[in-house]
Amino acid sequence: MPLLEIERLEVSYGRIRAVQGVSLTVEAGQIATVIGPNGAGKTSMLSAVMGLCPARGRVAYDGMDLRDMDVEERVERGLCLVPERRELFGEMSVADNLLLGSFPRRPARAVIDRGLEEVFARFPRLKERRTQRADTLSGGERQMLALGRALMSKPRLLMLDEPSLGLAPIVVREIFVIIAALREAGVSILLVEQNARAALQTADVGFVLETGELVSQGPAAALLDDPRLIATYLGGA
Ligand code: ATP
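The rules behind each value
Residues numbered from 1 in each chain as written. Predicted model: local features only at pLDDT ≥ 70, side-chain atom pairs only at ≥ 80, totals over all residues. Heavy atoms only, no water. Near = heavy atom within 4 Å. Polar contact = N/O pair within 3.5 Å; in protein donor to acceptor, adjacent residues only side chain to side chain. Areas by Shrake-Rupley, 256 points an atom, 1.4 Å probe, with all protein chains shown as cover. Helix = DSSP H or I, 4+ residues; strand = E, 2+ residues; numbered from the N terminus. Nonpolar A, V, L, I, M, F, W, Y, C, P; charged D, E, K, R; others polar. Pairing = 2+ DSSP bridges. Axes fitted to C-alpha atoms, helices over the stretch in contact; angles between N-to-C directions. Contact = heavy atoms within 4.5 Å. Core = buried A, V, L, I, M, F, W, Y, C linked by side-chain atoms within 4.5 Å. Buried < 20%, exposed > 50% of the residue type's maximum accessible area, 1.4 Å probe, protein only. Domains from an automatic or database assignment. Salt bridge = Lys/Arg side-chain N within 4 Å of Asp/Glu carboxyl O.

S.K.: Please clarify how the site of the ligand should be interpreted in this entry.
M.R.: By nearness alone, 14 residues border the ligand, and N38, G39, K42, T43 and S44 come closest of all. G41 places a polar main-chain atom, nitrogen or oxygen, 2.9 Å from an oxygen atom of the ligand. Within the side chain of S44, an N or O atom sits 2.5 Å from an oxygen atom of the ligand. Surface burial for the ligand is 61%, taken as the share of its 630 Å² of free accessible area covered by protein chains. Sorting the residues of the shell around the ligand by element identifies β2 (16-26) and α1 (42-50) as the ones contributing at least two each. It is α1 that provides the largest number of residues to the shell around the ligand, a total of 3 residues. Across the shell around the ligand, the residue classes break down as 5 nonpolar, 6 polar and 3 charged.

This is the structure in structure tokens:
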């Protein structure tokens, strides 16, 4: 059974049809990436899976129909979204931002402390900066904090919206190494990216979304060799 099954998903804003009948599956243990240009409907798709916007179609997670489940229940069951704007609390410390990530599950203090230690082990730079205000972090550190906060909710399926946005190439590489390590730790990942090459190099499978519709899909390695994708999204040869 796939971990996530999306069938004929539709998201509309008034007359704008942002997602027009998208079907895709993510298997447990995979990194699946959705690439495509600005405005293709990528963010809308993630919002619909998380329950943040009204949608039509069917979304099943771990065999459960998500239709009647609110956002909090989805988080409790292991779904988590790191939004494009990262949405950190700038005036709060790194550690306090992380603690907020565990809130939806309301775990015991010992569980929170263990989660915090795990995040600090994965991101030593956050540990060094645990008392620093979030709005004084570099772009890459902010993305790490957003990822770390998401990990505090113990996700099984982590959805990442453009984690490389606005970061220098060397930092982008670092973020993608972290994403690959999360898969090794057993987290399945649905990754939305405009940085198509880096995303496909890290992912197992890829989906290409254009104006709300899937136009191509397959193993990530095959998409990297696809002449049309090379011309359109991968910056030539
Ligand atoms: P980007 O990479 O630029 O974020 P995207 O692929 O994530 O693009 P969406 O953000 O899902 O695409 O947007 C898809 C379409 O829906 C766009 O035409 C956008 O203008 C429109 N849209 C998104 N959110 C809203 C909203 N809240 N109200 C009205 N239209 C919206």
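S.K.: Hey, could you run me through the sheet that holds strand β7 (residues 157-161) in this one?
M.R.: Sheet strands pair via backbone hydrogen bonds, and the direction of the pair is either parallel or antiparallel. Strand order in this open sheet of 6 strands is β6-β7-β8-β3-β9-β10, and the pairing throughout is mixed. Whereas interior strands pair on both sides, the edge strands pair on one side only; in this sheet they are β6 (79-82) and β10 (213-219). Mean inter-strand twist for the sheet, computed between neighbouring axes without regard to direction, equals 15 degrees. Pairing of β6 with β7, which is carried by 4 bridges, proceeds in the parallel orientation. Residue pairing in the sheet places L81 in a bridge with M159 of β7. Against the sheet, α1 makes contact with β3 (31-35), β6, β7, β8 (188-193) and β9 (205-210), and its axis sits at roughly 150 degrees relative to β7, the strand it touches most.

S.K.: Explain the pairing of strand β1 (residues 4-13) to me, please; I cannot follow it from the model alone.
M.R.: It is a general feature of regular strands that their side chains alternate between the two faces of the sheet. Pairing analysis gives 8 bridges linking β1 to β2, with the strands arranged antiparallel. Considered in β2, the bridge of E10 is made with Q20. If you look at the hairpin formed by β1 and β2, you'll find 2 residues sitting between the two strands, and G14 has a positive phi there, around 60 degrees. Direction of pairing for β1 relative to strand β4 (residues 56-61): antiparallel, over a ladder of 5 bridges.

S.K.: Which parts of the structure should I look at to understand the nonpolar core?
M.R.: The nonpolar side chains of a soluble globular protein tend to be buried, and buried together. L158 and I189 are the most contacted members of the largest nonpolar core, which has 46 residues in total. Considering each element in turn, this core owes the most residues, 7 residues, to helix α7 (residues 169-184). Summarising the domain contributions, this core has at least three residues from each of domain 1 (1-78 + 157-236) and domain 2 (88-154). When residues no more than four places from it in sequence are discounted, the contact partners of I189 are V26, Q30, I31, A32, L157, L158, L160, I179, L182 and R183. By size, the runner-up hydrophobic cluster in this structure holds 33 residues, among which are L4, A32, V34 and M159.

S.K.: I would appreciate a short explanation of the side chain of T202 in the present structure.
M.R.: Here T202 lies in helix α8 (residues 196-202). When residues no more than four places from it in sequence are discounted, the contact partners of T202 are I31, F176, I179, A180 and R183.

S.K.: Sorry, what's going on with the pattern of salt bridges here?
M.R.: Any two side chains of opposite charge can pair, given that their charged atoms come close. Applying the stated rule across the entire model yields 15 salt bridges. The partner of E141 in a salt bridge is R125, with the nearest N and O atoms 3.7 Å apart. Taken as a pair, E141 in helix α6 (residues 139-151) and R125 in helix α5 (residues 124-128) lie far apart in primary sequence, 16 residues in all. With a relative accessible area of 28%, R125 lands in the partly exposed category. Between D135 and R133 there is a salt bridge whose closest N-O contact spans 2.7 Å.

S.K.: Help me out: how do you make sense of the sheet that holds strand β5 (residues 64-65) in this one?
M.R.: Pairing is antiparallel in the open sheet, where 4 strands are placed in the order β2-β1-β4-β5. Since the sheet does not close on itself, it has two edges, and those belong to β2 and β5, each with one partner. Its contacts with the sheet put α1 on β1, β2 and β4, and the angle it makes with β1 is roughly 115 degrees.

S.K.: Even after reading the chapter, I still don't get unusual backbone geometry, so can you show me in this structure?
M.R.: Phi is positive for E162, close to 50 degrees, though the residue is something other than glycine. As for its position among the elements, E162 is in the loop between β7 and α7. By relative accessible area, E162 is classed as buried at 4%. The phi dihedral of T211 is positive, around 35 degrees, even though this residue is not glycine.

Scope: geometric values only; no functional claims are made or implied.
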